[in-house]
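Each chain, letter by letter, is given below.
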Amino acid sequence: PEDTVTGSFASFIHAARPELLSPTVRQRSKRMILDSIGVGLVGSTTRVFDIALRYCRELYPSVAVSSVYGKPGLKLSPTLAAFTNGVATHSMDFDDTWHPATHPSGAVLPALLAASQMLPPNTKPSGMDFLLAFNVGLEVQGRLMHFSSEAHDIPKRFHPPSVVGTLGSAAAAAKLLSLSPAQCCHALGIAASLAGAPMANAATQAKPLHVGNATRLGLEAALLAARGMEANPLILDDIPGCSGFSAFYGVYQPKPLPAPSQHHEFLLEKQDIAFKRFPAHLGMHWVVDAALSVRNLLVNHAGSFCPTLIRSILLKIPVSKYINRPFPSSEHQARHSFQFNACAALLDGEVGLGSFSEGSIQRPQLRELLDKVVVEHPEDNVANFDKMYGEVALLLHSGDILTGKCDTFYGHWRKPLSKESLLKKFRSNASHVLPEEKIETIITLVDNLETLPDSSQL
């Protein structure tokens, strides 16, 4: 029934129309699509992507339908293409982040790219259809996260894209496939049974699987619903004594999603996205900018950056166990280490793709800096991407103290990347696997997505 929370979501998915997308929403979502494709392309060069791709090719031979990032001429079944492309997107932790915290694009875009190629020629979705489905997937993720105050903080139990992302993928795919309201409802219910991954696998090769599974399993949920599979039609509602989606949250207060009208305002209109400048957990961007700031102070103070002048390095960061890693030993641990990212920024004056190589991680100079790090957790520095800050103080042997602080890094939704910066990031990422002419073609296709007659061209 439409008067249930689940029913209201299903009705919205089915009834949403392109004209509801404001110019701001269209522009923001196209930035997300372009960035996500670039991140997926560079992610296709990683070991974890190679493992996932080899797994799919060897264990699941299938009719070739949908394209794979960074592998010209290679195609897999739609769901496996979604899976591998989702893994690529999150393989470096380089993908976008929203608030409340999740990685929204990687959970939705690969499913839509795969599904677009799956549909028969006479039913291919247009670029505007694609853009609408993408935003439906974002909207569902955002609304679900607002059901719980717990979701506003850096996660402790479940990795958010494995939870809300799976349902967002199902919603987006259901929209692209033109499912009925009842089928949309069942797609959400099926997706809920395929969702969830624990935070303990952060900073391991298993973490990219969370996004790969979210986009794949959401697509599978929509395909199963399209073929008649049913699920609990109250999966999003709060039913005492019988957990549905509430199983993922300690505090759960679901609210209906209003029926789309000409006055509907998508959450993306009010809450922009954070784009990462380097491939690491979002929290690292605060400490890196703070470290770069204090590094400049030391250079001005001493004439150059000289690590021997430093007696200790004080980091003031929020409490978050899985990103407090004093001595990371792998690239994935390094991407989730306040200490490593602060010290890498101090030593090199930047953090980039090469910062997380084994050779970089094991440098003696870097290990010496890590030995000097002391961590504090001020009470006012909360584990929340909208409220936290990073502070790096250098205590010199001379007795001087130099301090750098960042409360809004460049790329945060309060300080968005410029168009030039976003294009520079995309071109740099895509250049690892594509020639220049194809890179520019993708930029043009995404920029003109509303007028694209066949979205499978992407």
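Residue numbers restart at each chain and count upward from 1, following the sequence in its written direction. The predicted nature of this model means local features are confined to residues of pLDDT at least 70 and side-chain atom pairs, given and counted, to a pLDDT of 80 or more, with totals for whole chains, interfaces and linings taken over all residues. Excluded from the side-chain calculation are hydrogens and water; included are all heavy atoms of the structure.

## Considering the overall build of the protein chain
Condition: Helix and strand assignments follow DSSP, with helices taken as H or I runs no shorter than four residues and strands as E runs no shorter than two, numbered in order from the N terminus. When we talk radius of gyration, it's over C-alpha atoms, and the globule rule is simply 2.2 Å times the number of residues to the 0.38. Burial status follows relative accessibility: with a 1.4 Å probe on protein chains alone, a residue under 20% of its type maximum counts as buried, one over 50% as exposed, and anything between as partly exposed. By definition in these notes, contact holds between two residues if any of their heavy atoms fall within 4.5 Å. Per-residue and other accessible areas were derived by the Shrake-Rupley procedure at a 1.4 Å probe size, with only the shown protein chains allowed to occlude residues. Only four residue types enter the charge count: Lys and Arg as positive, Asp and Glu as negative, with His and the chain ends excluded. Taken as the charge location is NZ of Lys, CZ of Arg, CG of Asp or CD of Glu.
From N to C terminus, the protein chain includes 17 helices and six strands. The C-alpha atoms of the protein chain give a radius of gyration of 22 Å, which matches the 23 Å a tight globule of 458 residues would have. Expressed along its principal axes, the backbone C-alpha trace of the protein chain runs to roughly 70 × 50 × 40 Å. Here the protein chain holds 458 residues, and 59% of them are scored as buried. Taking contacts inside the protein chain between residues at least 6 apart in sequence as the whole, the part at least 24 apart equals 77%. For the protein chain, the exposed surface amounts to about 17700 Å²; the carbon and sulfur share of it is 52%. Taking the average location of the 40 positive side-chain charges in the protein chain and that of its 41 negative ones, the two points are 3 Å from each other.

## Re helix H11 (residues 284-302)
Where we set the bar: Expected span of a helix, by definition, is 1.5 Å for each gap between consecutive residues, and there is one gap fewer than residues.
With 19 residues, H11 extends 26 Å between its outermost C-alpha atoms, agreeing within 8% with the 27 Å of an ideal straight helix rising 1.5 Å per residue. Within H11 the residues assigned to the buried category are Met 284, His 285, Trp 286, Val 287, Val 288, Asp 289, Ala 290, Ala 291, Val 294, Arg 295 and Leu 298. Looking at the buried residues of H11, the elements they touch are strand E3 (310-316), helix H13 (338-348), strand E5 (390-396) and strand E6 (401-406). Once H11 finishes, Gly 303 follows within two positions and takes phi at roughly 95°, a positive value.

## Concerning the packing of helix H7 (residues 160-176) against helix H8 (residues 181-192)
Cut-off, in case you're wondering: Lines fitted to C-alpha atoms define the axes, with helix axes restricted to the stretch in contact, and inter-axis angles between N-to-C directions lie between 0 and 180 degrees. The labels follow the angle: roughly parallel below 35 degrees, roughly antiparallel above 145, roughly perpendicular from 65 to 115, and oblique for the rest. Handedness of a crossing is defined here by the sense of rotation of the near helix relative to the far one, left-handed for an anticlockwise turn of less than a right angle and right-handed for a clockwise turn. Under this grouping Gly is polar, as are all residues other than the nonpolar Ala, Val, Leu, Ile, Met, Phe, Trp, Tyr, Cys and Pro and the charged Asp, Glu, Lys and Arg.
Two elements in contact, H7 and H8, have axes whose closest approach is 9 Å; the angle formed by their N-to-C orientations is 155°. It follows from the interaxial angle that H7 and H8 lie roughly antiparallel. Crossing angle aside, the handedness with which H7 passes H8 is right-handed. From H7, Thr 166, Leu 167, Ala 170, Ala 171 and Ala 174 reach across to H8, where they touch Cys 184, Ala 187, Leu 188, Ala 191 and Ala 192. Residues of the contact of H7 with H8, tallied by class, amount to nine nonpolar, one polar and no charged.

## Some thoughts on the sheet that holds strand E4 (residues 373-376)
In plain terms, the rule: At least two DSSP bridges between two strands are needed for those strands to be called paired.
Spatially, E4-E3-E5-E6 is the arrangement adopted by the four strands of the open sheet, whose pairing is mixed. The strands lining the two open edges of the sheet, one partner per strand, are E4 and E6. Between one strand axis and the next, the sheet turns through 20° on average, direction left out of account. Strand direction decides the pairing type here: E5 and E6, joined by six bridges, are antiparallel. Note that in E6 the partner of Val 392 across the bridge is Gly 404. Seen against the sheet, H11 touches E3, E5 and E6 and runs at an angle of roughly 145° to E6.

## Details of the environment of Pro 120
Examined against the element boundaries, Pro 120 turns out to sit in the loop between helix H5 (104-118) and helix H6 (127-145). Linking Pro 120 and Ala 225, residues 105 residues apart in sequence, is a C-alpha distance of 19 Å.

## A word on the UniProt feature "domain: MmgE/PrpD C-terminal" (unreviewed entry) in the protein chain
The criterion, for reference: UniProt positions are given in the numbering used here, feature names are shortened, and annotations may be inferred rather than shown by experiment.
Feature annotation in UniProt assigns "domain: MmgE/PrpD C-terminal" (unreviewed entry) to the following positions: residues 278-450. Counted over residues 278-450, helix gives 40% and strand 14%. Its end C-alpha atoms are 29 Å apart.

## Quick look at the packing of aromatic side chains
Note the following rule: We call Phe, Tyr and Trp rings a pair once their centres come within 6.5 Å, taking the six-membered ring for Trp, and we label the pair stacked below 30 degrees between planes, edge-to-face above 60, and tilted otherwise. Two conditions define a charge located above a ring, namely a distance within 6 Å from the ring centre to NZ of Lys or CZ of Arg, and an angle within 35 degrees of the ring normal.
If you walk through the whole model with that rule in mind, you get ten aromatic pairs. Centroid distance Phe 9 to Phe 147: 5.8 Å. Interplanar angle 70°. Geometry classified as edge-to-face. Placement of Phe 9 in helix H1 (residues 5-15) and of Phe 147 in the loop between H6 and H7 is noted, with a sequence separation of 138 residues between them. With a relative accessible area of 0%, Phe 9 lands in the buried category. You can call Phe 147 buried: its relative accessible area is 4%. Relative to Phe 356, the ring of Phe 340 lies with its centre 5.7 Å away and its plane at 40°, an arrangement referred to as tilted. On the criterion of sequence distance, the pair formed by Phe 340 in helix H13 and Phe 356 in the loop between H13 and helix H14 (358-361) is long-range, its members being 16 residues apart. The exposure class of Phe 340 is buried, given its relative accessible area of 0%. Since its relative accessible area comes to 3%, Phe 356 is described here as buried. Positioned above the aromatic ring of Tyr 389 is the side chain of Lys 405, whose terminal nitrogen or guanidinium carbon lies 4.2 Å from the ring centre. Across from the ring centre of Phe 94, 4.3 Å away, lies the NZ or CZ of Lys 425, which sits over that ring.

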